[in-house]
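Single-letter residue listing:
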Amino acid sequence: MKINFINKIDAKTKTLVFPLSLKQKMQDELKNFDEQNDKIISKAMALYKFTGKNGQIVQTFLPKKDILIVLAGVGVEKNADAACYQNLGSSVFDFMQKIENKEVSIFSLSKDAALNIAFGISLREYNFDKYISKENEQEDENSLQIKEKAFYICTEDPKSAEDEFIILDAKAQGMNIAKAFINEPGNVINPKTFAEEIKKLEKLGLKVEIIDAKKLQKLGANLILNVGKASETPPCMAIIKWQGDKSIKDYKIALAGKGITYDAGGLCLKPREGQLHMFYDMAGAGAVCGTMAALALAKDKHNVAAIVGLAENAISSNAMRVGDIIKSLSGKTVEIINTDAEGRLVLADIITYIQNEYKPEILIDVATLTGAMTYVLGAEYAGLFSNDENLAEKLYNTGFACGDKVWNLPLCDEYDKMIKSDVADVKNLGGAEAASATAAQFIKRFVKDNVKWAHIDIAGVAWSKSENLKSRKGATGFGLKLLFDFITTK
Ligand code: BES
Ligand code: ZN
Ligand code: ZN
């Protein structure tokens, strides 16, 4: 698949796309076209009731010229944001997949619109269908065909659009890497195979260090060890570093991701419906790895240190029990109230490690931490908890602009009291009330005082149950755009 920016439609292109917003009059190019061709476009618009709704596609054919005209809905013009144009890109991609023509030219409104349409097209290319046997040659051919398609996007200054697209393309590739990790089931991605895949990211210029179970034992990272000890595949941590500015040794920004490759719940076994798709419990780690890959591909100038904690929360006679008291890497002791509240345990050890080793000023963790998030914010917003107002505001604004939206939720002493233990320094569950906040409060216990920290709970947004223009079914890659834009615009 090729994406090119041009400033004039090539007469040879046989598919032309006109983005149109809600109730907007036709652009001059389209009006002229319409006048010269028996008003075929106005007629098609009326016939198909084309309103310009975001994602709407209407097509008509000019037999004399052998040209296919496609009207693509932008939505309400004044509200048309990055996401609207990305959706439009997705719908054009889907359309091109269904037709024979290999080339398409897209009329565009501005450079920003052109870039986001291109970004939407790139993101749509990823499809997790590798395990579906192709039943006939035609199906095989269809999936090959998309590789030969070329998208030409019109914009006033194609050279500068091309330059800027390098960054968006890096983001799209990072997103594909994240989704590819997250969509793999638990029998394919386990702590060992995940670590091997992360190690392969070194070819992009990242530095990767794997801390295996033996080393975790030496360190005293007993929380992650206990979460993973019932699994045949031992837990590990992966440190991923991007040094964009070689003149500076420090890593001011650190990322941390929950990487539970399958969450059965441990001895507090999840009911069967709760186990469905629980291999995406490493979506935080997936988003963090994808972000690091994107930073390397974009050759970004910042230094970022990331850590992911990889473990499988399984069940066996050797599993962590309810009531166990475990000493964390930080030295704090934790009473286990529920073995299914394992993500916070892994996060506690990995954020302790990254803070001790790299002394970051800013620490952002991303995790599918609490099912309660689904009830609070649904699939629209991720939950944000932070000890720093400015950091929270910046993440909110960045998320709004890129489409990975986060909503700031409260931390307070009362929530902290709910995780007070009678027998240890802290317990891993605060009860059913304010479950997402007490989970955040647990992580906060392991954040050093001088560190600006944000916790993003993506349990409700990491997985899409339905196919839509924003995402295919399955992994959404949520968090990558947010982290990448936050870091690169700092
Ligand atoms: N991985 C789950 C959270 C989750 C649930 C993510 C649904 C995505 C979708 C987490 O480890 C967990 O099991 N949390 C429990 C905690 C409970 C035992 C108090 C939850 O939120 O139900
Ligand atoms: Zn769990
Ligand atoms: Zn979990």
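See the structure above.
Throughout what follows, the structure given in this document is the object of discussion. (Residues numbered from 1 in each chain as written. Chains lettered and ligands numbered in written order. Predicted model: local features only at pLDDT ≥ 70, side-chain atom pairs only at ≥ 80, totals over all residues. Heavy atoms only, no water.)

1. Side note on the overall build of the chain
Using the following cut-off: What counts as a helix is a DSSP run of H or I of at least four residues, what counts as a strand is a run of E of at least two, and both are numbered from the N terminus. What makes two residues a contact is simply this: any of their non-hydrogen atoms within 4.5 Å. All accessible areas in this document rest on Shrake-Rupley with a 1.4 Å probe, and a residue is counted as covered only by the protein chains that are shown. His is not counted here, nor are the chain ends, while Lys and Arg score as positive and Asp and Glu score as negative. For this purpose, a charge sits on NZ of Lys, CZ of Arg, CG of Asp or CD of Glu.
Broken down by element type, the chain carries 17 helices and 19 strands. Each principal axis of the C-alpha distribution contributes one length, and for the chain these read about 85 × 50 × 40 Å. Residue pairs at least 24 apart in sequence account for 77% of intrachain contacts in the chain once pairs closer than 6 positions are excluded. Just so you have it, the chain exposes about 22,000 Å², and 51% of that area is on carbon and sulfur atoms. Here the chain carries 63 positive and 64 negative side-chain charges, and the mean point of each set is 1 Å from the other.

2. Quick word on the sheet that holds strand 2 (residues 15-21)
Which entries qualify depends on this criterion: Here the rule is simple: two strands pair whenever DSSP picks up at least two bridges between them. Inter-axis angles, ranging from 0 to 180 degrees, are taken between N-to-C directions of lines fitted to C-alpha atoms, where helices are fitted over the stretch in contact.
One open sheet accounts for six strands, arranged 1-6-5-2-4-3; its pairing is mixed. Across the chains shown, the open sheet's two edge strands, defined by having one partner strand only, are strand 1 (2-6) and strand 3 (57-62). On average, each strand axis in the sheet is inclined to that of its neighbour by 25°, with strand direction left out of account. In this sheet, strand 4 (residues 67-75) lies alongside strand 2 in parallel orientation, the contact comprising seven bridges. Paired with Ser-21 across the strands is Gly-75, a residue of strand 4. Across the face of the sheet, helix 1 (residues 28-36) comes into contact with strand 2, strand 3 and strand 4 while running at roughly 120° to strand 2.

3. Digging into the coordination of the zinc ion (ligand 2)
Convention followed: Only nitrogen, oxygen and sulfur atoms qualify as donors, and only when within 2.8 Å of the metal (3.2 Å in the case of Na, K and Ca); with water excluded, sites may look incomplete. Working rule for geometry: tetrahedral if four donors all subtend angles between 85 and 135 degrees; square planar for four, octahedral for six, if opposite donors exceed 155 degrees and the others stay between 65 and 115; irregular in every other situation. Whether a residue is buried, partly exposed or exposed follows from its accessible area with a 1.4 Å probe, protein chains only, as a fraction of its type maximum: under 20%, in between, or over 50%, in that order.
Taken together, Asp-263 (OD), Asp-340 (O), Asp-340 (OD) and Glu-342 (OE) make up the full set of protein donors to the zinc ion (ligand 2), lying 2.0 to 2.2 Å away. Note that the zinc ion (ligand 2) binds six donor atoms; their angles at the metal cover 70 to 167°, and the shape is irregular. Taken in chain order, the donor set of the zinc ion (ligand 2) reads D-x76-D-x1-E. Taking the relative accessible area as the measure of exposure, Asp-340 reaches 21% and is therefore partly exposed.

4. Side note on the pairing of strand 3
The alternating pattern of strand 3 places Val-58, Thr-60 and Leu-62 on a buried face, while none of Ile-57, Gln-59 and Phe-61, on the opposite face, is buried. Bridge count between strand 3 and strand 4: six bridges; the pairing is antiparallel. Directly across from Thr-60, in strand 4, lies its bridge partner Ile-69. With antiparallel pairing between neighbouring strands as the criterion, strand 3 and strand 4 make up a hairpin whose turn holds four residues, including Asp-66 at a positive phi of roughly 60°.

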